[in-house]
Amino acid sequence: MASDQIRNKGVNVTDHDLTFRSLSEVLQNNITPYIALLEAKDCPGIKNLMQKLMGQLMNCYIDVDSSEDEDYVQVSHNRIRCSMTSLINWYEHVTKKPDSETPSKKRTSSSRHWQSPPVVVVFKDMESFSTKVLQDFIVISSQHIHELPLVLIFGIATSPMIIHSLLPHFVSSLLCIELFQSLSCKDHLSTIIDKLLLRASFPFKLGEKVLQVLINIFLYHDFSVQNFIKGFQLCIVEHFCSQPVSVLCCQLVDAKKRADSLSHDQCENIRKLPSFRRYVESQVSEKQIALLTVDTYLKEITQKLLEDLHVYHENYLSVLRCLHVFTSFLPKYPLGKQIRELYCACLENQVWETEEYESSLQLARMLNKSDLVTMLQQCVEIFVSSSGKEFDNTVEKLKEFLTQFQKLEEEAFQEQDVSVSSQKELQKKTDLYHLQKTLLELKESRRSKKLTKFEMLRFEVVDYIDSLVRNYLVPANHKTLHEIMYFNTASVLREHLNAAPRIALHTALNNPYRYLKNQALKSDEGSISNKAPDICIVYKLHLECGRLINLVDWLEAFSTVVMGAEGPNADAASSDQVDDIIHARFIRAVSELELLGFIKPSKQKTDHVARLTWGGC
């Protein structure tokens, strides 16, 4: 019986090819070298499927074995018939090696692989495969399972139950089905943000708006981790190209060395930073003069400020993780369930001034003891593992809270006696007057009731976490020299990643100087330059027309514009030749416009074309 595993892929995204390649690499390194990746577009029939399967398997075998076996495989690939019998013969040949073969060439018998490694066939998009092709392949394979150990991996984008819809019972009963699922795209995104942005060892950071642009593109457009990484790489390139002081965006040791060797122009660039200007304004007049005139003193202060920025990041990230521990337990997640949502909120402004933070504190003041103890233990682990040197007292304070919670367990029974006695007294009163009087007394006692020791301790814990947030989660744009580390130009990133192709195409055709930067292409608005590319001239002329464009009139207008470059003294003898050349240029330009989708042939009149776009784009 053929064995089968189903891999639930979820939403179809652009990262599936990379995911399947990673899966095949893991299988090749640990289980078997014989893996084939099949797609529905390459396998319309069972014959095509077998050809694709045998071709990939034999090429896989060629890559890892000796040249003597390569001759056999090459002959087999070109001459033998693509059938299950040929596949079995090939498998027996590659798995039964002669004893004299050297261990370096025996990949199939390597310790990383099984003694009889299976053949793994991955169907990337099972829903797109023909039902008859899948049925025939499974039935044929099941008849040879003892000779050819076969494992099928089905990539499913919808639900695992689709296998029972595509395959009849007599076919699905031949499969031993197991289900496994890849991590979601959001989990991969959280891992990337955690490894890159939430590490003090990685100096480059993203501003709130830039990070939000990347996350929005990921969540609302493509779910592609690869595209998120490319966008992040684009931010790095833009930051180091556009920011002159980004030379100091590196590890702290290297940044200090570079700061000590800054040139005068680089020092002037630092003095121009808005955050540094605010820092200078906060100093006394003598220091202000030294910072603005003495490069040596500026370098010393820059080194100190860079060290402060590094310490700020270490403390910031530790307290951020601690705050996330508290907010991730709260109902409805006012500050977000993922740490990236909390990180964006803290980057944007002072998070303790937001309504979401206030509601989080109110909910945290109602947590039960077990949840509070669990959170405090996690916070202790975070601060102990932190590289920040300022959290020794914090760890001691949190451990003191834990000790106090343990003592409260021993005193918990004493506080229950009063409530039990009042309930018994309430049960003895049966007449209406005494019952109302007792209820009023209980109500007044509850209003004036003092907080219990647990409630007081819970308030103290929440207030202490609140003090940590206010001290350490100051937004980065309040820190001096944050421009060195942070990329905040969201408009540039949005222009590259959220480009509007129709607008860009209209701009290129209507104003070619915008992209070509050729002074000869400069022209007044509304005029048509005869030095512009032919397609630009044709495009501008077509903007002046209605729904239908007469090709003859269009050609005459094009010829008039182009001939304007030669002036009135053009050689009349060569007019016929020029007309032929202009005619050919016009035909090519019109064909290009049709290819771009601006016009199409009209069935109403053979010598007319229909315009397809309006409104300047």
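What comes next concerns the included structure.

About the cut-offs
For every chain, the first residue of the written sequence is number 1, and numbering continues from 1 along that sequence. In keeping with the predicted nature of the model, local features appear solely for residues at pLDDT of at least 70, side-chain atom pairs appear and are counted solely at 80 or more, and the whole-chain, interface and lining totals rest on all residues. Heavy atoms throughout the structure, all of them, feed into the side-chain values; hydrogens and water do not. Should DSSP find at least two bridges between two strands, the strands are regarded as paired. Each helix is a run of H or I in the DSSP string that is no shorter than four residues. Each strand is a run of E no shorter than two, and both are numbered from the N terminus. Angular values range over 0 to 180 degrees, each being the angle between N-to-C directions of two axes fitted as lines to C-alpha atoms, with helices fitted over their stretch in contact. Should any heavy atoms of two residues lie within 4.5 Å, those residues are considered in contact. A side-chain nitrogen of Lys or Arg and a carboxyl oxygen of Asp or Glu constitute a salt bridge if their distance falls within 4 Å. Each residue gets one of three labels from its accessible area relative to the maximum for its type: buried under 20%, exposed over 50%, partly exposed in between, using a 1.4 Å probe on protein chains only. Consider the strands pointing away from the viewer: the crossover is right-handed when the path from the first strand over the helix to the second runs clockwise. Picture the helix axis, draw a direction to every C-beta atom, and the arc is the one those directions span. Convention used here: angles under 35 degrees read as roughly parallel, angles over 145 as roughly antiparallel, angles from 65 to 115 as roughly perpendicular, and any remaining angle as oblique. With the far helix as reference, a near helix turned anticlockwise by less than a right angle produces a left-handed crossing, and one turned clockwise produces a right-handed crossing. In the scheme used here, Gly and all other residues not listed as nonpolar or charged are polar, with Ala, Val, Leu, Ile, Met, Phe, Trp, Tyr, Cys and Pro taken as nonpolar and Asp, Glu, Lys and Arg as charged. Residue count minus one, scaled by 1.5 Å, sets the expected span of a helix. We define a polar contact as two N or O atoms separated by no more than 3.5 Å, with the added condition that, inside protein, one atom must be a possible hydrogen donor and the other a possible acceptor, whereas residues neighbouring each other in sequence contribute only through side-chain atom pairs. Definition of nonpolar core: a set of buried residues of the types Ala, Val, Leu, Ile, Met, Phe, Trp, Tyr and Cys, connected through side-chain atoms within 4.5 Å.

### Digging into the pairing of strand β10 (residues 608-611)
Piece 1. Across three bridges, strand β8 (residues 548-550) lies against β10 in antiparallel orientation. Along β10, the bridge assignment pairs I549 with V609.
Piece 2. Judged from the three bridges that link them, strand β9 (residues 599-601) and β10 form a sheet pairing that is antiparallel. Considered in β10, the bridge of K600 is made with A610.
Piece 3. Connecting the antiparallel pair β9 and β10 is a turn made up of six residues.

### Digging into the sheet that holds β8
Piece 1. Strand order in this open sheet of three strands is β8-β10-β9, and the pairing throughout is antiparallel. Two strands in the sheet have a free side with no partner beyond their single neighbour: β8 and β9. With strand direction ignored, the average angle separating the axes of adjacent strands in the sheet is 35 degrees.
Piece 2. Across the sheet, helix α28 (residues 551-563) is in contact with β8, β9 and β10; its angle to β8 comes to roughly 60 degrees.

### Some words on the pattern of salt bridges
Piece 1. In total, this model carries 13 salt bridges according to the counting rule given.
Piece 2. Ionic pairing is found between D194 and R321, a salt bridge with its closest N-O pair at 2.8 Å. Taken together, the residues span a long stretch of sequence, with D194 in helix α8 (residues 185-196) and R321 in helix α15 (residues 295-327) at a distance of 127 residues.
Piece 3. On the basis of relative accessibility, which here comes to 22%, the residue R321 falls in the partly exposed class.
Piece 4. With a closest N to O distance of 3.1 Å, D466 and R470 form a salt bridge. Of this pair, D466 and R470 both sit in helix α22 (residues 453-472), four residues apart, which is roughly one turn of that helix.

### Considering the pairing of strand β3 (residues 119-123)
Every regular strand shows the same layout, with side chains that alternate between the two sheet faces.
Piece 1. Counting buried positions along β3 gives five out of five residues, so the element sits mostly inside the fold.
Piece 2. With burial as the criterion, each face of β3 is covered, one bearing V119, V121 and F123 and the other bearing V120 and V122.
Piece 3. Judged from the four bridges that link them, strand β2 (residues 35-38) and β3 form a sheet pairing that is parallel. Bridging across to β3, L37 finds its partner in V122.
Piece 4. Here five bridges tie β3 to strand β4 (residues 150-156), and the two strands are oriented parallel to one another. Paired with V122 across the strands is I153, a residue of β4.
Piece 5. As for the winding sense of the linkage, the β-α-β connection from β3 through helix α5 (residues 131-142) to β4 is right-handed.

### As for helix α17 (residues 355-364)
Piece 1. Along α17, the positions that sit buried rather than exposed are Y357, S360, L361 and A364. For α17, the buried positions fall inside an angular range of 100 degrees around the axis, keeping them on one side.
Piece 2. Those residues of α17 hidden inside the fold are in contact with α15 and α22.

### A look at unusual backbone geometry
Piece 1. Non-glycine residue Y333 carries a positive phi angle of around 45 degrees.
Piece 2. On the secondary structure map, Y333 appears in the loop between α15 and α16 (339-348).
Piece 3. Phi is positive for K517, which is not a glycine, with a value near 55 degrees.
Piece 4. Note that K517 resides in the loop between α26 (513-516) and α27 (534-543).

### What to know about the side chain of T613
Piece 1. Relative to the helices and strands, T613 resides in the segment after β10.
Piece 2. T613 sits in the buried class, given a relative accessible area of 11%.
Piece 3. Excluding residues within four positions of it along the chain, T613 makes contact with R502, H542, G597 and F598.

### Observations regarding the environment of Q406
Piece 1. Along the chain, Q406 turns up in helix α19 (residues 392-411).
Piece 2. For Q406, a relative accessible area of 55% gives the class exposed.
Piece 3. Taking the C-alpha atoms as reference points, Q406 and V373, separated by 33 residues in sequence, lie 9.3 Å from one another.

### Section: the packing of α15 against helix α18 (residues 369-385)
Piece 1. Contact pair α15 / α18: the axes reach a minimum separation of 9 Å and the direction vectors enclose 165 degrees. Between α15 and α18, the interaxial angle falls into the category roughly antiparallel. In terms of crossing hand, the pair formed by α15 and α18 is right-handed. Together, S318, V319, R321, C322, V325 and F326 of α15 and L372, M375, L376, Q378, C379, I382 and F383 of α18 make up the contact between the two elements.
Piece 2. Looking at the contact of α15 with α18, its residues break down into 10 nonpolar, two polar and one charged.

### Focus: the packing of helix α25 (residues 501-510) against α27
Piece 1. In the contact formed by α25 and α27, the axes pass within 8 Å of each other and the chain directions differ by 105 degrees. Of the possible angle classes, the one that applies to α25 and α27 is roughly perpendicular. Between α25 and α27, the residues in contact are H506, A508, L509 and N510 and I535, C536, Y539, K540 and L543, respectively.
Piece 2. Partitioning the contact of α25 with α27 into residue classes produces six nonpolar, two polar and one charged.

### Some remarks on α22
Piece 1. Compared with the 28 Å implied by 1.5 Å per residue over 20 residues, the 29 Å span of α22 between its first and last C-alpha is a close match.
Piece 2. When we look at burial in α22, the residues that qualify are L457, R458, V461, V462, Y464, I465, D466, L468, V469 and Y472.

### Details of the environment of S370
Piece 1. Mapped onto the elements, S370 comes out in helix α18.
Piece 2. A relative accessible area of 44% places S370 in the partly exposed class.
Piece 3. Linking S370 and F405, residues 35 residues apart in sequence, is a C-alpha distance of 9.4 Å.
Piece 4. A polar side-chain atom of S370 sits 2.9 Å from a polar atom in the side chain of N368.

### Description of the nonpolar core
Piece 1. In this structure, L206, F276, L306, Y316, F383 and I484 are the most contacted members of the largest nonpolar core, which totals 93 residues.
Piece 2. Residue contributions to this core peak at 14 residues, all from α15.
Piece 3. Apart from residues no more than four positions distant in its own chain, F383 is found in contact with S318, V319, C322, F391, T394, V395, L398 and L468.
Piece 4. Counting 37 residues, the second-largest nonpolar core is a separate cluster that includes L57, M58, Y91 and M126.

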